[in-house]
Amino acid sequence: MNERILVVGGGAIGGVTAGRLVRAGHDVTVLDANGFHVDIMNGPGLVLDLLGTRCRVQIPAVDRPERLDGQFGYVLVTLKSLHLDAALTPLVTRNVSDTYVSLGNGLVQDVVEEIVGPERLVVGIVGWGATNVAPGHLRQTTAAPFTLGERDGARSTRVTRLAEILQDAAPGTRVSPSILGQVWSKLLVNSTFSGLGTVGGVLYGDVARDRTARDVALRLWTEGYGVAAGLGVSLDEIFGTRPAELVLREPADVPAATAALNAVMAQVGATKASMLQDLERGAPTEVDVINGGIVATARRLGLATPLNSEIVAIVHEYEQGQGSPGPGAFERLAALA
Ligand SMILES: NC(=O)C1=CN([C@@H]2O[C@H](COP(=O)(O)OP(=O)(O)OC[C@H]3O[C@@H](n4cnc5c(N)ncnc54)[C@H](OP(=O)(O)O)[C@@H]3O)[C@@H](O)[C@H]2O)C=CC1
Ligand SMILES: CC(C)(CO)C(=O)C(=O)O
């Protein structure tokens, strides 16, 4: 079995994953569009702050697909959604691999599948967080496994072996027989806490500490949960919590839902949403596949998602330079709730 790994997008998630895999002895190449970042990977090596411990790792890297040689057993797709088409189409044309692993947030597996075809798709989600500090410098901020799966739930040889390999980057990595349940559970986390962290300009944990934001968070979660239920997806446990525990059906649910929310925060409270990081460096965000993914699915199902729609609108305003992240956004959302 070909175990060469190509990581496409050597930023926060891809660069940390590649660095950890190289340190564990795997055959890894990174394809990244940023030539300066690539030169550092090939030269002095990436500076990686791994949960408080700094190291430097050299990683073979190229800045364009024509510079890749041979075939790869796995292509790990760790790109922002806006770059998927430009990055993956040339790889498919060059037939570099039979397996592409979609690891982005939101409903990106659908976009990856469109480009690579259903046979070549493995779906994954990333439980841990990282920050792209600067070219050549990445920081892993929280620890949690990857979860992987075939769309049809099969425990194939390729996904089983990939989970073994990725254990070396994120211990606890596993194969799920219901990966779409995982994708949607993660989507609830991202739409709620990345959505609110981004509009408010705060960490996940700060959303839970702010009374107004916390109240909106539980309503936003409940809105997304209703869409997943409408779709018939059975949601998997995420960060040790069953998604139903954060749902508000009546006012009496607030204490238990708040306790469940705090349990999630105990694991990921230190996270700065990657959408917020994008806004801070003036880059477009992934809001259209995160909160926008929920809105689009809801529309197909005839469901209303006012809070998710408002987050999409607010983030687009910020992207266009109208306003900037701050707690005023929590009040704007609370007024809708
Ligand atoms: N950061 C996090 O904590 C988490 C992120 N995710 C998800 O993982 C995915 C990746 O996010 P993240 O690692 O933060 O993103 P980053 O922006 O840090 O990394 C993406 C990298 O891909 C490069 N790139 C852009 N276009 C291309 C291209 N055409 N070909 C090759 N490389 C390209 C970027 O270069 P340049 O910077 O020059 O554009 C950048 O180095 C996203 O979907 C995100 O939502 C999931 C869980 C956690
Ligand atoms: C860090 C993590 C995993 C939190 O859910 C994430 O997805 C993000 O910030 O984009």
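Residues numbered from 1 in each chain as written. Chains lettered and ligands numbered in written order. Predicted model: local features only at pLDDT ≥ 70, side-chain atom pairs only at ≥ 80, totals over all residues. Heavy atoms only, no water.

**A closer look at the site of ligand 1**
If you check the shell around ligand 1, you find 24 residues, and the closest are I13, D32, A130, N132 and E286. Between L79 and ligand 1, the recorded distance is 3.3 Å, taken from a backbone N or O atom to an oxygen atom. A130 has a polar backbone atom sitting 2.9 Å from an oxygen atom of ligand 1. Computed on the free molecule, ligand 1 has an accessible area of 880 Å², of which 87% lies beneath the protein chains in the complex. Where the shell around ligand 1 is concerned, the elements lending two or more residues are helix 1 (12-23) and strand 9 (129-134). (Near = heavy atom within 4 Å. Polar contact = N/O pair within 3.5 Å; in protein donor to acceptor, adjacent residues only side chain to side chain. Areas by Shrake-Rupley, 256 points an atom, 1.4 Å probe, with all protein chains shown as cover. Helix = DSSP H or I, 4+ residues; strand = E, 2+ residues; numbered from the N terminus.)

**Regarding the domain arrangement of the chain**
Domain parsing of the chain yields domain 1 (5-177) and domain 2 (181-336). Just the C-alpha atoms count here: the centres of domain 1 and domain 2 sit 25 Å apart. Taken together, the contact pairs 21 residues of domain 1 with 23 residues of domain 2. When domain 1 packs against domain 2, close to 1700 Å² is buried across both sides, 56% of that on carbon and sulfur atoms. Sorting the residues of domain 1 by area buried against domain 2 places K80, N105 and L107 first, and these three jointly supply 34% of that buried surface. At the junction of domain 1 and domain 2, the tally comes to one salt bridge. For K80, the salt bridge goes to D278, with nearest N and O atoms at 2.8 Å. For the pair domain 1 and domain 2, the interface holds five residue pairs in polar contact (both at pLDDT 80 or more). Tallied by class, residues from the side of domain 1 that touches domain 2 come to nine nonpolar, ten polar and two charged. (Domains from an automatic or database assignment. Contact = heavy atoms within 4.5 Å. Buried area = accessible area lost by both parts, 1.4 Å probe. Salt bridge = Lys/Arg side-chain N within 4 Å of Asp/Glu carboxyl O. Nonpolar A, V, L, I, M, F, W, Y, C, P; charged D, E, K, R; others polar.)

**Re helix 4 (residues 108-116)**
All of the buried residues along helix 4 are V108, Q109, V112, E113, I115 and V116. Each buried residue of helix 4 lies within a common arc of 165° when the element is viewed along its axis, so the set occupies one face. Taken together, the buried residues of helix 4 touch helix 3 (84-93), strand 7 (100-102), strand 8 (121-126) and helix 6 (179-200). One or two steps after helix 4, the chain reaches G117, where phi turns positive at roughly 95°. (Buried < 20%, exposed > 50% of the residue type's maximum accessible area, 1.4 Å probe, protein only. Arc of directions from axis to C-beta.)

**Looking at the packing of aromatic side chains**
Applying the stated rule across the entire model yields three aromatic pairs. Pairing W128 with F146 gives two aromatic rings, centres 5.7 Å apart and planes at 85°, and the pair type is edge-to-face. A residue pair is termed long-range when its members are at least 10 positions apart, and W128 in the loop between strand 8 and strand 9 and F146 in strand 11 (residues 146-149) qualify at 18 residues. Look at W128 and you get buried, because its relative accessible area is 6%. The class of F146 is buried, set by a relative accessible area of 0%. Through a chain of ring-to-ring contacts, the aromatic side chains of F193, Y204 and W221 assemble into a single cluster. Between R4 and the ring centre of F72, over which it is positioned, the NZ or CZ distance is 4.1 Å. (Phe/Tyr/Trp six-rings, centres within 6.5 Å; stacked < 30°, edge-to-face > 60°. Lys NZ or Arg CZ within 6 Å of the ring centre and 35° of its normal.)

**Section: the UniProt feature "domain: Ketopantoate reductase N-terminal" (unreviewed entry) in the chain**
The sites that UniProt annotates as "domain: Ketopantoate reductase N-terminal" (unreviewed entry) are residues 5-152. From the first C-alpha to the last, residues 5-152 spans 23 Å; its make-up is 26% helix and 33% strand. (UniProt positions renumbered as here; feature names shortened; annotations may be inferred.)

**A word on the sheet that holds strand 4 (residues 53-57)**
Strand order in the open sheet made by the four strands is 4-3-10-9, with mixed pairing throughout. Both edges of this open sheet fall to strand 4 and strand 9, since each of them pairs with a single strand only. Within the sheet, the average angular offset between the axes of one strand and its neighbour, ignoring direction, is 20°. (Pairing = 2+ DSSP bridges. Axes fitted to C-alpha atoms, helices over the stretch in contact; angles between N-to-C directions.)

**Remarks on the site of ligand 2**
The immediate surroundings of ligand 2 are formed by N105, V126, G127, W128, G129, K186, V189, N190, Y204, T271, A273 and S274. One of the side-chain N or O atoms of K186 is found 2.9 Å from an oxygen atom in ligand 2. At a separation of 3.2 Å, an oxygen atom of ligand 2 approaches a polar side-chain atom of S274. Alone, ligand 2 offers 280 Å² of accessible surface; in the complex the protein occludes 95% of this. Tallying contributions element by element places helix 6 first for the shell around ligand 2, with three residues. When residues of the shell around ligand 2 are sorted by domain, at least three fall in each of domain 1 (5-177) and domain 2 (181-336).

**As for the pairing of strand 1 (residues 5-8)**
In strand 1, alternate side chains face the same way, and those of I5 and V7 on one face and L6 and V8 on the other are all buried. Taken together, the four bridges between strand 1 and strand 2 (residues 28-31) define a ladder with parallel strand orientation. Looking across to strand 2, one finds that L6 is bridged to T29. Read as a crossover between parallel neighbours, the route from strand 1 over helix 1 to strand 2 is right-handed. Where strand 1 and strand 6 (residues 74-77) come together, four bridges link them in parallel fashion. Opposite V7, over in strand 6, you have L76 as the bridge partner. (Right-handed = clockwise from strand over helix to strand, strands pointing away.)

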